[in-house]
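Each chain is listed here by its residues.
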Amino acid sequence: RTKLISQASGHVLEIGVGTGLNLDKYNLQQIKSLTLVDISGGMLQEAKKRVDNKSVRFVQADATSELVNLFGEDAFDTVVDSFSLCVMGNE
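Residues numbered from 1 in each chain as written. Predicted model: local features only at pLDDT ≥ 70, side-chain atom pairs only at ≥ 80, totals over all residues. Heavy atoms only, no water.

Caption draft 1: Expanded view of the pairing of strand β1 (residues 10–15). With five of its six residues buried, β1 lies for the most part within the structure. The pairing of β1 with strand β2 (residues 31–38) spans six bridges and is classified as parallel. Each residue of the ladder has a partner; that of Gly10, found in β2, is Ile31. In terms of strand pairing, β1 meets strand β4 (residues 78–80) through three bridges, oriented parallel. Opposite Leu13, over in β4, you have Val79 as the bridge partner. (Buried < 20%, exposed > 50% of the residue type's maximum accessible area, 1.4 Å probe, protein only. Helix = DSSP H or I, 4+ residues; strand = E, 2+ residues; numbered from the N terminus. Pairing = 2+ DSSP bridges.)

Caption draft 2: The environment of Ser9, seen in detail. Note that Ser9 resides in the loop between α1 (2–5) and β1. Looking at Ser9, the relative accessible area reads 31%, which means it is partly exposed. Counting along the chain gives 14 residues from Ser9 to Leu23, while the straight-line C-alpha distance between them is 14 Å. Those residues in contact with Ser9 that sit more than four places away from it in its chain are Gln30, Ile31, Asp77 and Thr78. (Contact = heavy atoms within 4.5 Å.)

Caption draft 3: Local environment of the pattern of salt bridges. All chains considered together, the criterion is met by two salt bridges. For Lys25, the salt bridge is made with Asp24, and the minimal N-O distance between the two is 3.2 Å. A relative accessible area of 17% means that Lys25 is categorised as buried. In this structure, Lys49 and Glu46 form a salt bridge, with 3.0 Å as the shortest nitrogen-oxygen distance. Of the residues examined, Glu46 reaches a relative accessible area of 36% and is grouped as partly exposed. (Salt bridge = Lys/Arg side-chain N within 4 Å of Asp/Glu carboxyl O.)

Caption draft 4: Region of the structure containing the pairing of strand β3 (residues 57–60). Bridging between β2 and β3 involves four bridges; their strand directions are parallel. Across the sheet, the residue bridging to Thr35 is Arg57, located in β3. Between the parallel pair β2 and β3, the chain is carried across by helix α2 (residues 41–48), and the sense of this crossover is right-handed. (Right-handed = clockwise from strand over helix to strand, strands pointing away.)

Caption draft 5: Region of the structure containing the packing of aromatic side chains. Inspection of every chain in the model, using the stated rule, returns one aromatic pair. Pairing Phe71 with Phe76 gives two aromatic rings, centres 5.2 Å apart and planes at 80°, and the pair type is edge-to-face. One exposure class covers both Phe71 and Phe76, and it is buried. (Phe/Tyr/Trp six-rings, centres within 6.5 Å; stacked < 30°, edge-to-face > 60°.)

Structure follows, in structure tokens:
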């Protein structure tokens, strides 16, 4: 996980950021923007505690249905999802 996340570059979206356990693995020199999405406002509040960079964007949204409506297609160069796939439904 550490090796893959450190390769994220450009405009980056992390789905299911949770409490932000991946945040220290990003190489911020390679990232133009970082958008962190979680369905839980409580999880986003915890993730915010791990970030001192004001340019990181936190978005509360359902990753199974809202992302294209929120961001459009082709908005990101890299998408990271290391935690949420195990809790999403099949629909």
